[in-house]
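Observations on the three-dimensional arrangement
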Amino acid sequence: MELIIKETYDQLSLKAAEIVASVINNFVATPEHPKCTLGLPTGSTPLGMYKALIKMNQQGKVSFKNVITFNMDEYVGLDVNHPESYHSFMFNNFFNHIDIDKSNVHILNGNAPDLEKECNDYEKAIKEVGGIDLFVGGIGNDGHIAFNEPGSSLNSRTRCVKLTHDTIIANSRFFDFDLSKVPVRAVTVGIGTVTDAQRVMILVNGHAKARALHHAVEGGVSQMWPVTALQLHNHSTIIASEDACDELKVGTFRYYLDLNS
Ligand code: GLP
């Protein structure tokens, strides 16, 4: 697993955008896998990466015309037009500002009448396009990726899950700090869905994520820290801000700084 440490959030975001652009620009189409396919996250962390990619798109450095996307997750029971739905987030912060064909955008429907079918169909749709080239993610304070909370099988697939109290508290900042407004369930890709991608890139920003980053890099593989599944992936990258490294050993920090930054 690669750990790239960047001094600031802006540097972290730019590095992430450069990696996404290079995956798109170096993509080689085959009949089974005709378009570069990305897995994408929501959250405050990837916002800087999306801004940088919008700029690169406007400058002609990358095009999304032949890119397919699958988002990680969505709340259950929240109207798609609600300002905090992950549909709204993605279109407002990214898709409406780039040259992507909207029919290539996939986001789980948290209002589907049959959520199990919705999740199984999502897995099938990913397989049908030939899999995901790069899955980008953020991380929860408790080490969750997408909405795979601690205790999720490291082999889990797309499914409906219950959010933990910790995550409801963390996400209440988007719902006027009113816990009762935060949806209690979500549909999410599984950890196995993420690690099936050719490459996985997780962005970790800020001191609040320091404990999770310590487990991701220095801890053992454990379902109690879902992000540790990356240790078993043969092309995984974590891009972390310096303050997210506050719980790493000085030796570990220096080692990765020398190697990759
Ligand atoms: C939510 C999302 C995750 C995201 C996490 C952290 O729980 N489901 O995909 O990684 O929030 O978000 P932030 O980047 O705002 O800290």
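What comes next concerns the included structure. (Residues numbered from 1 in each chain as written. Predicted model: local features only at pLDDT ≥ 70, side-chain atom pairs only at ≥ 80, totals over all residues. Heavy atoms only, no water.)

1. Description of the environment of valine 105
Within the secondary structure, valine 105 sits in strand S5 (residues 105-106). Along the primary structure valine 105 and phenylalanine 91 are separated by 14 residues, whereas in three dimensions their C-alpha atoms are 9.8 Å apart. In contact with valine 105, other than residues within four places in its own chain, are Thr69, Phe91, Phe95 and Ile100. (Helix = DSSP H or I, 4+ residues; strand = E, 2+ residues; numbered from the N terminus. Contact = heavy atoms within 4.5 Å.)

2. Regarding a negative patch on the surface
A cluster of acidic residues, Glu7, Glu242, Asp243, Asp246 and Glu247, forms a negative patch on the protein surface. Examined against the element boundaries, aspartate 243 turns out to sit in the loop between strand S10 (236-241) and helix H8 (250-260). Overall, aspartate 243 belongs to the partly exposed group, its relative accessible area being 36%. (Patch = residues over 30% accessible without salt bridge, like charges linked within 9 Å, V, L, I, M, F, W, Y side chains within 5 Å. Areas by Shrake-Rupley, 256 points an atom, 1.4 Å probe, with all protein chains shown as cover. Salt bridge = Lys/Arg side-chain N within 4 Å of Asp/Glu carboxyl O. Lys, Arg positive; Asp, Glu negative; His and termini not counted. Charge placed at Lys NZ, Arg CZ, Asp CG, Glu CD. Buried < 20%, exposed > 50% of the residue type's maximum accessible area, 1.4 Å probe, protein only.)

3. Here we look at the side chain of histidine 33
Following the sequence through the fold, histidine 33 ends up in the loop between helix H1 (9-25) and strand S2 (36-40). From its side chain, histidine 33 meets the backbone oxygen of valine 129 in a polar contact 2.7 Å long. (Polar contact = N/O pair within 3.5 Å; in protein donor to acceptor, adjacent residues only side chain to side chain.)

4. Re the site of the ligand
Every one of the 13 residues lining the ligand counts as a neighbour, but Ser44, Thr45, Asp73, His144 and Lys209 are closest to it. One nitrogen or oxygen atom from the side chain of arginine 173 is found 3.1 Å from an oxygen atom belonging to the ligand. Here the ligand loses 95% of its free accessible area of 390 Å² to cover by the protein chains. For the shell around the ligand, a count of residues per class yields 4 nonpolar, 6 polar and 3 charged. (Near = heavy atom within 4 Å. Nonpolar A, V, L, I, M, F, W, Y, C, P; charged D, E, K, R; others polar.)

5. As for the packing of H1 against helix H2 (residues 47-58)
Two elements in contact, H1 and H2, have axes separated by 8 Å at closest approach and are oriented at 55 degrees. Comparing their axes, H2 and H1 come out oblique. Once H1 is placed against H2, the crossing between them reads as right-handed. On the side of H1, the interface is formed by Tyr9, Ser13, Leu14, Ala16, Ala17, Glu18, Val20 and Ala21, while H2 contributes Leu47, Gly48, Met49, Ala52, Leu53 and Met56. The residue makeup of the contact of H1 with H2, split by class, is 11 nonpolar, 2 polar and 1 charged. (Axes fitted to C-alpha atoms, helices over the stretch in contact; angles between N-to-C directions. Parallel < 35°, antiparallel > 145°, perpendicular 65-115°, else oblique. Left-handed = near helix turned anticlockwise from the far one by under 90°.)

6. Digging into the side chain of threonine 237
Inspection of the secondary structure assignment puts threonine 237 in strand S10. Overall, threonine 237 belongs to the buried group, its relative accessible area being 0%. Apart from residues lying up to four places away in sequence, threonine 237 is in contact with Glu2, Ile4, Arg199, Val200, Met201 and Ile202.

7. Points about the nonpolar core
For soluble globular proteins, nonpolar side chains are generally found buried alongside one another. Among the nonpolar cores identified, the biggest contains 41 residues, and Leu3, Phe70, Ile202, Val204, Leu213, Ile238 and Ala240 are the most heavily contacted of them. When residues of this core are traced back to their parent elements, those giving at least two are strand S1 (2-6), strand S3 (67-71), helix H4 (115-128), helix H6 (191-195), strand S9 (199-204), helix H7 (210-218) and S10. The dominant element in this core, judged by the number of residues it contributes, is H4, at 5 residues. In this view, isoleucine 202 contacts Gly137, Gly138, Ile139, Ile145, Leu230, Thr237, Ile238 and Ile239; residues no more than four positions away in its chain are not counted. Counting 34 residues, the second largest nonpolar core, distinct from the first, contains Ile24, Ile54, Phe95 and Met201. (Core = buried A, V, L, I, M, F, W, Y, C linked by side-chain atoms within 4.5 Å.)

8. Some points on the sheet that holds strand S7 (residues 159-162)
Within the open sheet, the 3 strands sit side by side as S4-S8-S7. Their pairing is antiparallel. Looking at strand neighbours, the two that pair on one side only are strand S4 (73-75) and S7, the edges of this open sheet. Going from strand to strand, the sheet's axes swing by 25 degrees on average, the running direction of each strand aside. As defined by bridge partners, S7 adjoins strand S8 (residues 185-188) across 4 bridges and the pair is classed as antiparallel. If you follow lysine 162 over to S8, its bridge partner there is arginine 185. (Pairing = 2+ DSSP bridges.)

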